[in-house]
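Residue strings, one per chain:
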Amino acid sequence: MQTVVAGFDRSLFERLAPPFPKVRVLRFDGSRPGDSVEVELDFLFFKFLWKSKITENETQGTTTYFVDEGVAPHLPFGLKKWRHVHRFRALPDGGTSIEDDMEFTSGLYLGDLFLRFGFWLQIGLWRKPIYRNFFRKKSN
C-alpha cells in the first residue's frame, strides 16, 4: 500500500489529466498538509485556475488518506466548494484499493447534478485504468 501512496506524485497527477478540458499543472507540492496543487483548465475559449491545499494526511490501521480542498476564489466557474478524499486501503491479497470521495457544490441542484456526472466521468471512470496501468508498471 505504501508504494501506491508514495506513487501519488506529479508524474501520476499529470497522467490522470482527462482529454478535455486540457489540464496544465502549474504547481504540485505533494500530498502532505500545507502542500499546494495548482492547475489551469483550458476549455478552448476560456481558462480557469484551480487551486487546492492538502489539509489532511493520515494512516489509520490499513487505511491511508489525504484530503485536498479547493481554495476559493480559485475554483472553476460554478464550483463553490471542493473537498476530495483520496483513500488507500490495504487488501488481504497484498493489493491496494484506491477510492475517491468528493464533496462539492455549485450552489444549485441542477449544477450539482451536472458536476456529479462530469466528475464521475473524469475521476470515477477515467482514472481507474490509469491507476491500474501506472502501478502495475511501477511494481515490475
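Details of the structure are given in the entry above.
In what follows, the accompanying structure is described. Within each chain, residue numbers correspond to sequence positions counted from 1 in written order. At least 70 in pLDDT is required for a residue's local features to be given in this predicted model, at least 80 for side-chain atom pairs to be given and counted, and no such filter applies to totals for whole chains, interfaces and linings, which use all residues. As a convention, hydrogens and water are excluded, and side-chain values are obtained from all of the structure's heavy atoms.

### Remarks on the sheet that holds strand β6 (residues 96–105)
Then, number 1: Strand order in this open sheet of six strands is β1-β2-β3-β4-β5-β6, and the pairing throughout is antiparallel. Sheet topology places β1 (22–28) and β6 at the edges, where each strand pairs with a single neighbour. Each neighbouring strand pair of the sheet contributes to a mean axis angle of 20°, computed without reference to strand direction.
Then, number 2: Following DSSP output, two strands are said to pair if at least two bridges run between them. Strands here are runs of E lasting at least two residues and helices are runs of H or I lasting at least four, both read from the DSSP assignment and numbered beginning at the N terminus. As defined by bridge partners, strand β4 (residues 63–70) adjoins strand β5 (residues 81–90) across seven bridges and the pair is classed as antiparallel. Considered in β5, the bridge of D68 is made with H84. A fitted line through C-alpha atoms represents every axis, and for helices the fit uses only the stretch in contact; the resulting angles, taken between N-to-C directions, go from 0 to 180 degrees.

### Some points on the layout of surface pockets
Then, number 1: Definitions used for this entry: grid spacing 1 Å over protein atoms alone; cavity, a set of points where a 1.4 Å probe fits but cannot get out; pocket, an open set with protein on both sides within 12 Å along at least 5 of 7 lines; lining residue, one with an atom within 4 Å of a point. Grid points are joined across faces, edges and corners, and a volume is the space filled by probe spheres set on the points. Volume-wise, the largest pocket comes out at about 1100 Å³.
Then, number 2: Elements represented by at least two residues in the lining of the largest pocket include exactly α2 (10–15), β1, β2 (36–42), β3 (47–60), β4, β5 and α3 (109–125).
Then, number 3: Here the lining of the largest pocket takes nine residues from α3, the largest share from any one element.
Then, number 4: Polar here means any residue outside two lists: the nonpolar Ala, Val, Leu, Ile, Met, Phe, Trp, Tyr, Cys and Pro, and the charged Asp, Glu, Lys and Arg; Gly therefore counts as polar. Tallied by class, residues from the lining of the largest pocket come to 30 nonpolar, ten polar and seven charged.
Then, number 5: Among the secondary structure elements, those contributing two or more residues to the lining of the second largest pocket are β6 and α4 (127–139).
Then, number 6: Sort the elements by how many residues they give to the lining of the second largest pocket and α4 lands first, with four residues.

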